[in-house]
Amino acid sequence: MKILSHLLVYRKFLLIVLTPLLLLPLPLIIKTKEAECAYTLFVVAIYWLTEALPLAVTALLPAFMFPLFGIMASKQVASAYFKDFHLLLIGVICLATSIEKWNLHKRVALKMVMLVGVNPAWLMLGFMVSCAFLSMWLSNTSAAAMVMPIVEAVAQQIIRAEAEADELEMSCSNGSINPALELDENIGEHESPDWKEKEKPVNGYNNNVGSTVCTVEKENEKGNEQNLPPAEAERKSRKDKYSGIFKVMCLCVAYSATIGGLTTITGTSTNLIFTEHFNSRYPGCQCINFGSWFVLSIPIAVIILLLSWLWLQWLFLGFDLKNMFKCGKKKTAREEASSQVIQEEYKKLGPISYPEIVTLVLFILMTLLWFTRDPGFIPGWSSLFPKYKSYITDSTAALVIGLLFFIIPAKTLHRTSNGENTVSGYIPLITWKEFQSCMPWEIAILVGGGFALADGCEVSKLSEWVASKLTPLGSLPLWLIILISCLIVTTVTEVASNPATITIFLPILSPLAEAIHVNPLFILIPATLCTSFAFLLPVANPANAIVFSYGHLTIMDMVKAGLGINIIGVAVVMLGIMTWIVPIFDLYTYPSWVPSIPSTNGTGL
């Protein structure tokens, strides 16, 4: 047993050492470039899937393994680690840094929630829409971390309102108080003065709330063991309902952050990796850009978001159409509590500031430049440069706007009481240190490693060998091939990071499409979208982990809810790829920009 415990402690170290040793016969016995590239690919894939080494560190392995095997020169490999993708990422992170610094994200999220109201069902939809909108432009992790503190504040206030209502009900049953369960509108008077100090600002775990939830659950368990009077049974039913509300509001944030990221190329790293891989492998096709991706993905995201809302509501709250669409009725104590905390949080932000306005204008300008660069149905602004039209990409617009954040001052002239203008020190909207703290360097290096692997597969002709072996799959129906690839990546992404999963599968699925003579977009688009469907476990993606850390959920809650959303997501993606996405890219026509695959292969692999 002691030996076993030592092995468990050093399992990562053993995995790091044994993996290359056990796979070493592959390049030693089959002495071809394809086998040597496959050896590198297997080692990197195993390290990525198990996270034995940090993802970015593993991504650096091709940088020295390919030159040692004679597959690519060191200069060639190094050039793969910084591409157009990285410039686009830099521009987007400049925008995200300014949005987070000046609290524009919080203003947008609160305003959206205020618009939909505080009925539990509509409150949940409000959080889902606001979080999904933020994740379109920011990372999924940032969107979840931004919205979750607001959800937690609302949950805390609902707990207090529930406790007050229960006290009133118990007093009423003793005949001492009028039997009214509605709280005073000034619910804040019942708060403890140090409540704001106890609130976690980002994604911490609140022990006070956790203990309250645990107390509620223990009381519910005791209630199951004895026959309760009608009043007590009704109160227990309400507690179960509002405990479900806390769970469903947490889950809706995690899932909507992922769903929103599907809609834009910059919304999640998997979309960016796919775009760069596709444009590098098929330079003759200029069909994947910000506008075309938005058109194909926004219906998918909207349908999944609405179906997820209904699924989560049915799972934890049940359908109550009467209360959902009630009009003219007085708000309950819980709804008053939710409404007040949201309005108080919005008032704290004060009037919109100058930096927020500038950030919003630059955000709108960047979006417009992306959409109008080459919309397809009309000439875009890139046509103003006819000689260099193909030179301009989405990263060009992102960098231009991104640089403005380092130039435009964050403060204007201030007028004193004497009417004189005072000039404060020149400070731009964001500084380099602030940008560095937000820049996901791990993702940048990880993606570079994926590009290096893809280049190595091309140079060594491993991709051609894979394509020749996958040709028999052409006998299967196309929809079945797409479904199998979607299910495989959806399963793998639950235990591996999304960027690692898409980086591993893109070099496999591209040759598959070429081998069976199918438009590569037919297989790559669904696989890319399904790679984001990591809904089952807290460790599946950072957004899930952030929400789970608040202590309102169990793993079974997440598994039960996530399984349904995984099924919904794959079904909607299959519906989209077989219907409205087909005419966008003319998918049933085999394109001329796909490279021809040799009919024979003489390798010994």
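The rules behind these values
- Residues numbered from 1 in each chain as written.
- Predicted model: local features only at pLDDT ≥ 70, side-chain atom pairs only at ≥ 80, totals over all residues.
- Heavy atoms only, no water.
- Helix = DSSP H or I, 4+ residues; strand = E, 2+ residues; numbered from the N terminus.
- Buried < 20%, exposed > 50% of the residue type's maximum accessible area, 1.4 Å probe, protein only.
- Contact = heavy atoms within 4.5 Å.
- Areas by Shrake-Rupley, 256 points an atom, 1.4 Å probe, with all protein chains shown as cover.
- Expected span 1.5 Å × (residues − 1).
- Core = buried A, V, L, I, M, F, W, Y, C linked by side-chain atoms within 4.5 Å.
- 1 Å grid on protein atoms, 1.4 Å probe; cavity = no way out; pocket = protein on both sides within 12 Å on 5 of 7 lines; lining within 4 Å.
- Points joined across faces, edges and corners; volume = space filled by probe spheres on them.
- Disulfide = S-S within 2.5 Å.
- Axes fitted to C-alpha atoms, helices over the stretch in contact; angles between N-to-C directions.
- Parallel < 35°, antiparallel > 145°, perpendicular 65-115°, else oblique.
- Left-handed = near helix turned anticlockwise from the far one by under 90°.
- Nonpolar A, V, L, I, M, F, W, Y, C, P; charged D, E, K, R; others polar.

## Structural notes on the overall build of the protein chain
Part 1: Counting secondary structure elements, the protein chain contains 29 helices and two strands.
Part 2: Burial status across the protein chain gives 50% buried among its 605 residues.
Part 3: Within the protein chain, counting contacts between residues at least 6 apart in sequence, those at least 24 apart form 78% of the total.
Part 4: In the structure as shown, the protein chain presents an accessible area of about 27,700 Å², 66% of it carried by carbon and sulfur atoms.

## So, helix α10 (residues 120-137)
Part 1: When the terminal C-alpha atoms of α10 are compared, their 27 Å separation across 18 residues agrees well with the 26 Å that a helix rising 1.5 Å per residue should span.
Part 2: Burial runs high along α10: 15 of the 18 residues are buried.

## Topic: the nonpolar core
Part 1: Counting residues in each nonpolar core, the largest one holds 153 residues, and the members touching the most others are Trp-48, Val-253, Tyr-255, Phe-274, Leu-312, Trp-370 and Ile-525.
Part 2: Non-local contacts of Tyr-255, meaning those with residues more than four positions away in its chain, are made with Leu-312, Phe-535, Asn-544, Met-558, Ala-561, Gly-562 and Ile-565.

## Observations regarding the environment of Ser-497
Part 1: Along the chain, Ser-497 falls in the loop between α24 (478-492) and α25 (498-515).
Part 2: Ser-497 sits 43 residues away from Ala-540 along the chain, and the two C-alpha atoms are 6.9 Å apart.
Part 3: If near-sequence neighbours (up to four positions away) are discounted, Ser-497 is found in contact with Glu-51 and Leu-55.

## Digging into the layout of surface pockets
Part 1: Put simply, the largest pocket is a space of about 870 Å³.
Part 2: Ser-139, Thr-141, Ser-269, Ile-443 and Pro-542 are, among the 36 residues lining the largest pocket, the residues nearest its centre.
Part 3: Elements with a contribution of two residues or more to the lining of the largest pocket: α8 (84-101), α11 (140-173), α15 (269-281), α22 (441-459), α25 and α27 (542-548).
Part 4: Counting residues per element, the lining of the largest pocket draws most heavily on α8, which supplies five residues.

## Remarks on the state of the cysteines
Part 1: If you walk through the whole model with that rule in mind, you get one disulfide.
Part 2: Between the sulfur of Cys-285 and that of Cys-287 lies a disulfide, 2.4 Å long from S to S. Where Cys-285 bonds to Cys-287 through sulfur, the torsion about that S-S bond is close to 100°, and the disulfide is right-handed.
Part 3: The partly exposed category is assigned to Cys-287, whose relative accessible area is 23%.
Part 4: Cysteine Cys-252 shares no disulfide, and the gap to the nearest cysteine sulfur, in Cys-131, comes to 7.7 Å.
Part 5: Judged by its relative accessible area of 0%, Cys-252 is buried.
Part 6: Lacking any disulfide linkage, Cys-438 is separated from the closest cysteine sulfur, that of Cys-94, by 9.8 Å.
Part 7: Since its relative accessible area comes to 29%, Cys-438 is described here as partly exposed.

## Let's talk about the side chain of Ser-292
Part 1: Structurally, the position occupied by Ser-292 is in helix α16 (residues 290-316).
Part 2: For Ser-292, the contacting residues outside a window of four places in its chain are Cys-287 and Phe-585.

## Section: the packing of helix α4 (residues 33-50) against helix α6 (residues 61-69)
Part 1: Close contact between α4 and α6 brings their axes to 10 Å; oriented N to C, the two are set at 160°. Taken together, the axes of α4 and α6 lie roughly antiparallel to each other. Considering the relative orientation of α4 and α6, their crossing is right-handed. Of α6, the residues touching α4 (which contributes Lys-33, Glu-36, Cys-37, Tyr-39, Thr-40, Val-43, Val-44 and Tyr-47) are Leu-61, Pro-62, Met-65, Phe-66 and Phe-69.
Part 2: Here the contact of α4 with α6 is built from residues that sort into 10 nonpolar, one polar and two charged.

Everything listed is a geometric property; what it means functionally is a separate question.
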